[in-house]
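Now for the letters of each chain:
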Amino acid sequence: MDSSVLIQKGEGEIVGDMPARRVEILSDADVLNATWSRFGPGREGADLHIHYEHNDLFYVLDGTFTLRLGIEDRQVAASAGTLLRLPPRVIHGFRNASDSEVRFLNFHAPGRQFAEYLRAMRDGRSFSYDQFDPPSDGWRPPSEAKIGGHEFTFEHAGLSVVLLAEVDEIAVCETRIDGGVSPSPRHIHRAHTESFYVIEGSVRFDVGGEESVADAGAWVQVPPGLPHTFAASGNGPARFLNVHTPSSGFGLFLRALLESPSDEASAAAQTGFDQVPAA
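Here's a quick rundown of the structure. Small disclaimer: the values here were computed from a predicted structure and weren't measured.

### Points about the overall build of the chain
Thinking step 1. Secondary structure assignment for the chain yields three helices and 22 strands.
Thinking step 2. For 279 residues, the compact-globule estimate of 2.2 N^0.38 gives 19 Å, and the C-alpha radius of gyration of the chain, at 19 Å, lies within 12% of that figure.
Thinking step 3. Expressed along its principal axes, the backbone C-alpha trace of the chain runs to roughly 55 × 35 × 35 Å.
Thinking step 4. For the chain, the residues scored as buried account for 52% of the 279 residues in total.
Thinking step 5. Partitioning the contacts of the chain with sequence separation of at least 6, the portion at a separation of at least 24 is 69%.
Thinking step 6. Here the chain has roughly 12200 Å² of accessible surface; of this, 48% comes from carbon and sulfur atoms.
Thinking step 7. The centroid of the 23 positive side-chain charges in the chain is displaced by 4 Å from the centroid of its 39 negative side-chain charges.

Dropping the structure here:
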């Protein structure tokens, strides 16, 4: 991928669409495969399985998502706004155990061709993918799953950034920007992909000199090497997920800003993060 991607609400690649279930592919980049899903009441999802080579994450947008966790199949309910991260070798599955619809995002980092696996199921063909039935041993304990919570929060001048999860392969934060706040400094990531999912409001992007507005439900992906900036569009606030794959020191960058949110601290923090000012 050498150009940015903007997918407005409902315009992802459809791999399943029926009253009780809709799944759209948002990204099939090597570093991140992402999908948006809608499951009807009582709809079953994936049976218990294990991934050996990648992280599996879910972000609940609406309703109550039920994670099936561990060989004992413990049911864990997660409400809207919750991020769940399953590291490699943690047995898990999921379903909608509620009597209402649930909507959620699913991130695989690195992607390991999860999107191609979904396409193969849609098209009735076989495809080998990093997903297997639970083994008798060799799995990690369910306690290593991260369900909800956050690492820390950075707030400054109309900007709030809550770091939800960070491992080498992915960092996820929930960001809120007030209307009228100046755009983020125009910058470039040389070695990682930055992605956005707009939860509330609208976000104005400038990527490679091309401007666009992403409304609630939109997905934006910026590959390495493209200068970009973003701000809330209009007078109201905007809230969105911000995903870095790989994380490339993003958490350390935020922590440095938290300790001293000044121009000098920002410049110092960027030396350890894959971000440079754009010309």
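Now that the structure has been shown, the text picks up again.
### Structural notes on the pattern of salt bridges
Thinking step 1. Enumeration according to the criterion identifies 24 salt bridges in this entry.
Thinking step 2. Arg 95 is the salt-bridge partner of Glu 44, the closest N and O atoms lying 2.9 Å from each other. Of this pair, Glu 44 sits in the loop between β4 (32-39) and β5 (55-62) while Arg 95 is found in strand β9 (residues 92-95), placing the two residues 51 residues apart along the sequence.
Thinking step 3. Relative accessible area serves as the criterion here: at 41%, Glu 44 is assigned to the partly exposed category.
Thinking step 4. A salt bridge links Glu 116 to Arg 119, with the shortest nitrogen-to-oxygen separation between them at 3.2 Å. On the criterion of helical spacing, the pair formed by Glu 116 and Arg 119 is a turn pair, its members being three residues apart in helix α1 (residues 114-123).
Thinking step 5. Glu 116 gets classed as partly exposed once you look at its relative accessible area, which sits at 22%.
Thinking step 6. Note on Arg 119: relative accessible area 13%, which makes it buried.
Thinking step 7. Put simply, Glu 13, Asp 28, Glu 116, Arg 119, Arg 122, Asp 123 and Arg 125 are held in one network by salt bridges that share partners.

### As for the sheet that holds strand β7 (residues 74-78)
Consider a sheet: its strands pair through backbone hydrogen bonds, and that pairing is either parallel or antiparallel.
Thinking step 1. Strands sit in the order β7-β6-β9 across an open sheet of three strands; the sheet is antiparallel. Only two strands of the sheet have a single neighbouring strand rather than two, namely β7 and β9. Across the sheet, the axes of successive neighbouring strands diverge by a mean angle of 25°, strand direction being ignored.

### Describing the environment of Gly 148
Thinking step 1. With respect to the element layout, Gly 148 can be found in the loop between β11 (146-147) and β12 (152-156).
Thinking step 2. For Gly 148, a relative accessible area of 15% gives the class buried.
Thinking step 3. In this structure the C-alpha to C-alpha distance between Gly 148 and Leu 164, which are 16 residues apart in sequence, comes to 7.6 Å.
Thinking step 4. When neighbours within four sequence positions are excluded, Gly 148 is seen to be in contact with Thr 82 and Leu 83.

### Considering the packing of aromatic side chains
Thinking step 1. This model, assessed by the stated rule, comprises 21 aromatic pairs.
Thinking step 2. Residues Phe 65 and Phe 104 carry aromatic rings whose centres are separated by 5.0 Å and whose planes lie at 65° to one another, so their mutual orientation is edge-to-face. Placement of Phe 65 in strand β6 (residues 65-69) and of Phe 104 in strand β10 (residues 102-109) is noted, with a sequence separation of 39 residues between them.
Thinking step 3. On the basis of relative accessibility, which here comes to 0%, the residue Phe 65 falls in the buried class.
Thinking step 4. Given the relative accessible area of 2%, Phe 104 is considered buried.
Thinking step 5. Between Tyr 117 and Tyr 129, the ring centres sit 4.7 Å apart and the planes meet at 20°, which makes this aromatic pair stacked. With Tyr 117 in helix α1 and Tyr 129 in the loop between α1 and β11, this residue pair connects regions lying twelve residues apart in the sequence. Each of the two residues, Tyr 117 as well as Tyr 129, counts as buried.
Thinking step 6. Among the aromatic side chains, those forming a connected cluster through ring pairs are Phe 39, Phe 58, Phe 65, Phe 94 and Phe 104.

The rules behind these values
Residues numbered from 1 in each chain as written. Predicted model: local features only at pLDDT ≥ 70, side-chain atom pairs only at ≥ 80, totals over all residues. Heavy atoms only, no water. Helix = DSSP H or I, 4+ residues; strand = E, 2+ residues; numbered from the N terminus. Rg over C-alpha atoms; globule rule 2.2 N^0.38 Å. Buried < 20%, exposed > 50% of the residue type's maximum accessible area, 1.4 Å probe, protein only. Contact = heavy atoms within 4.5 Å. Areas by Shrake-Rupley, 256 points an atom, 1.4 Å probe, with all protein chains shown as cover. Lys, Arg positive; Asp, Glu negative; His and termini not counted. Charge placed at Lys NZ, Arg CZ, Asp CG, Glu CD. Salt bridge = Lys/Arg side-chain N within 4 Å of Asp/Glu carboxyl O. Pairing = 2+ DSSP bridges. Axes fitted to C-alpha atoms, helices over the stretch in contact; angles between N-to-C directions. Phe/Tyr/Trp six-rings, centres within 6.5 Å; stacked < 30°, edge-to-face > 60°.

Any functional reading would require information beyond the geometric quantities listed.
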